[in-house]
Amino acid sequence: MRKIGLEEHFVTEELVGYGAGTATVARPDAWREASRRLLDLAEERLPAMDAAGVDVQVLSLNSPGIQAETDPAVAVARATAVNDFLAGVIAEHPTRFAGFAALPLQDPQAAAKELERAVTQLGLRGALVNAHTQGRYLDHPSLRVVWEYAEGLDVPLYLHPANGYDAPHVLSDHPELIGPMWSWGTDTAAHALRLVFGGVFDDFPNAKLLLGHMGEGLPYALWRLDSRWGFHNHHGIELKLGNPSAYLRRNLYITTSGVCSAPPLLCAMLALGADHILFGSDYPFEDIGEAAAFLDNAPISESDRAKISHQNAEALLKL
C-alpha cells in the first residue's frame, strides 16, 4: 500500500546552527547521528524509504529553522533560499519528495508572500511552522495575513514543536522533561488551543492545521475541553461554533509521527475520524521502518489504513 509521510525533516549546512538549542535535549551520540541524516537528502534517505515501503516524504526544515533568526531581513532571505533549495531537491526526485515551505514569520507580510510564492511557483504543499517566532504565536493579530493566504491557497500549516519561549516553573530542576520527552507536546497543544480561542478558525473557517505526534494529546481532551468551557469564565471570548471540540474536529488534521502505538491511534480515530489522520514517521528522529510497520499492522480496517497511509495526504496536499 502506498505510503506518504508528512513529518520528514532535513537541514542544510547553512542552517545547522539554528538547531543548537534543540541539540541540548538529546544525547550527544543520538544528536550526531540525527544531524548526519538530516543533511542527507538522497544517499541514505531513499534506500531507507525503499526498505520501509515509504513512497513519498513531504520534507520540512528541521526545528526551529528560520524562526530562530532574530533579524527579519535575514529570515526572509534564508526562507527564500531554503525553499528554492527544497524545490530543487524535489525536482530531482519528483516521485519521491514533496515539501512544506519555511516561512519568515518575523515579517508577517513577507511570510504570506513567501507562502504564496512557495505554493504557486515552487509547487510546495503548504508550510511547516516550528512553535513560536521570537515569542509570537500563530494567533497573533499580525499573523492573520498568513492564515488568510493559507486559506486562500487551500494549503495546511503544520505546527511542529520547538523549544519553548520560556520553561514553566513545574519543570525546574527537571531538564529531562524539556523537549520531545514532554514539554514540546504540551506547548504545541496549548498553541493549537490558542488558535481556537484566539478566533483564528472563526475568521478562517476553511483553514487547515496539522499537528504531529498523534495530535499532541488533544484527541483525548475533547470532552473535557467542552465540559470545562461550559463551566469556565469566558473572559469575553465566545466561539461561533459553541464548543472547542467543534474546531478541532473541523480544522485539525493529525499525523502518526513519533507515535507507533495502537491505543492512541484508535482513540484519535474515534475522536477525529480516520479522514483527519495521516501517516508520518518523524524521520530521522524515529525509525522509519518501525513507523511503516506499525501502520501496516495496526488493528484498523483496510479502508481506514488506506486513508491514513496515502489517500488523506493525496487529498489534503493535492498529491
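Residues numbered from 1 in each chain as written. Predicted model: local features only at pLDDT ≥ 70, side-chain atom pairs only at ≥ 80, totals over all residues. Heavy atoms only, no water.

**Looking at the overall build of the protein**
Right, on to step 1. Each helix and strand counted, the protein has 13 helices and eight strands in total.
Right, on to step 2. The C-alpha atoms of the protein give a radius of gyration of 18 Å, which matches the 20 Å a tight globule of 319 residues would have.
Right, on to step 3. Overall size of the protein, expressed as C-alpha extent along the three principal axes, is 55 × 50 × 45 Å.
Right, on to step 4. In the protein, which comprises 319 residues, the share counted as buried stands at 54%.
Right, on to step 5. Taking all contacts inside the protein whose residues are at least 6 apart in sequence as the whole, residues at least 24 apart take part in 80%.
Right, on to step 6. Of the roughly 13500 Å² of accessible surface on the protein, a fraction of 55% belongs to carbon and sulfur atoms. (Helix = DSSP H or I, 4+ residues; strand = E, 2+ residues; numbered from the N terminus. Rg over C-alpha atoms; globule rule 2.2 N^0.38 Å. Buried < 20%, exposed > 50% of the residue type's maximum accessible area, 1.4 Å probe, protein only. Contact = heavy atoms within 4.5 Å. Areas by Shrake-Rupley, 256 points an atom, 1.4 Å probe, with all protein chains shown as cover.)

**Overview of the sheet that holds strand S8 (residues 277–278)**
Right, on to step 1. Strands sit in the order S4-S5-S6-S7-S8 across an open sheet of five strands; the sheet is parallel. Of all the strands in the sheet, the pair left with one neighbour each is strand S4 (127–130) and S8.
Right, on to step 2. By the bridge criterion, four bridges tie S4 to strand S5 (residues 157–160) in an arrangement that is parallel. When the sheet's bridge partners are listed, asparagine 130 is paired in S5 with histidine 160. (Pairing = 2+ DSSP bridges.)

**Some words on the sheet that holds strand S3 (residues 97–99)**
Right, on to step 1. In space, the three strands of this open sheet follow the order S1-S2-S3, with parallel pairing throughout. This sheet does not close on itself; its edge strands, each paired only once, are strand S1 (4–10) and S3. Averaged over all adjacent pairs, the angle separating strand axes in this sheet is 35 degrees, with direction ignored.
Right, on to step 2. On top of the sheet, helix H3 (residues 45–52) reaches S1, strand S2 (56–61) and S3; it is set at about 135 degrees to S2, its chief contact. (Axes fitted to C-alpha atoms, helices over the stretch in contact; angles between N-to-C directions.)

**Here's the deal with the environment of alanine 81**
Right, on to step 1. By the secondary structure assignment, alanine 81 is in helix H4 (residues 72–92).
Right, on to step 2. As a C-alpha pair, alanine 81 and serine 257 span 176 residues in sequence and 27 Å in three-dimensional space.

**Quick word on the layout of surface pockets**
Right, on to step 1. Looking at the largest pocket, its volume works out to about 820 Å³.
Right, on to step 2. Lining the largest pocket are 33 residues; nearest its centre among them are Pro180, Met181, Trp184, Asp282 and Glu286.
Right, on to step 3. Of all the secondary-structure elements, those providing two or more residues to the lining of the largest pocket are helix H2 (28–39) and helix H7 (183–197).
Right, on to step 4. The biggest single contributor to the lining of the largest pocket is H2, with four residues.
Right, on to step 5. Its residues assigned to classes, the lining of the largest pocket comprises 17 nonpolar, ten polar and six charged.
Right, on to step 6. In this model, the second largest pocket occupies a volume close to 150 Å³.
Right, on to step 7. In terms of lining, the second largest pocket is formed by 13 residues, of which the most central are Pro64, Ala68, His132, Ala162 and Asn163. (1 Å grid on protein atoms, 1.4 Å probe; cavity = no way out; pocket = protein on both sides within 12 Å on 5 of 7 lines; lining within 4 Å. Points joined across faces, edges and corners; volume = space filled by probe spheres on them. Nonpolar A, V, L, I, M, F, W, Y, C, P; charged D, E, K, R; others polar.)

**Overview of helix H11 (residues 262–272)**
Right, on to step 1. Within H11 the residues assigned to the buried category are Pro264, Leu265, Ala268, Met269, Ala271 and Leu272.
Right, on to step 2. Remark: glycine 273 follows H11 within two positions and exhibits a positive phi of approximately 95 degrees.

**Points about the packing of helix H12 (residues 288–297) against helix H13 (residues 302–317)**
Right, on to step 1. It is at 9 Å that the axes of H12 and H13 come closest, and there the two elements cross at 150 degrees. Between H12 and H13, the interaxial angle falls into the category roughly antiparallel. Two secondary-structure elements touch here, H12 through Leu295, Asp296 and Asn297 and H13 through Arg305, Ile308 and Ser309. (Parallel < 35°, antiparallel > 145°, perpendicular 65-115°, else oblique.)

**Some thoughts on helix H5 (residues 108–120)**
Right, on to step 1. Across its 13 residues, H5 extends 18 Å between first and last C-alpha, which sits within 8% of the 18 Å expected from 1.5 Å per residue.
Right, on to step 2. Looking at H5, one finds that the buried residues are Pro108, Ala110, Ala111, Ala112, Glu114, Leu115, Arg117, Ala118 and Val119.
Right, on to step 3. Buried-residue contacts for H5 involve H4, S4, helix H6 (144–153) and S5. (Expected span 1.5 Å × (residues − 1).)

**Focus: the pairing of S2**
Right, on to step 1. S2 sits mainly inside the fold: six of its six residues count as buried.
Right, on to step 2. Of the strand pairs in this sheet, S1 and S2 are connected by five bridges, and their pairing is parallel. What sits directly across from phenylalanine 10, in S2, is leucine 61.
Right, on to step 3. Inspection of the sheet shows S2 paired to S3 by three bridges, in the parallel sense. The residue of S3 that forms the bridge with glutamine 57 is phenylalanine 97.
Right, on to step 4. In terms of handedness, the path from S2 via H4 over to S3 forms a crossover that is right-handed. (Right-handed = clockwise from strand over helix to strand, strands pointing away.)

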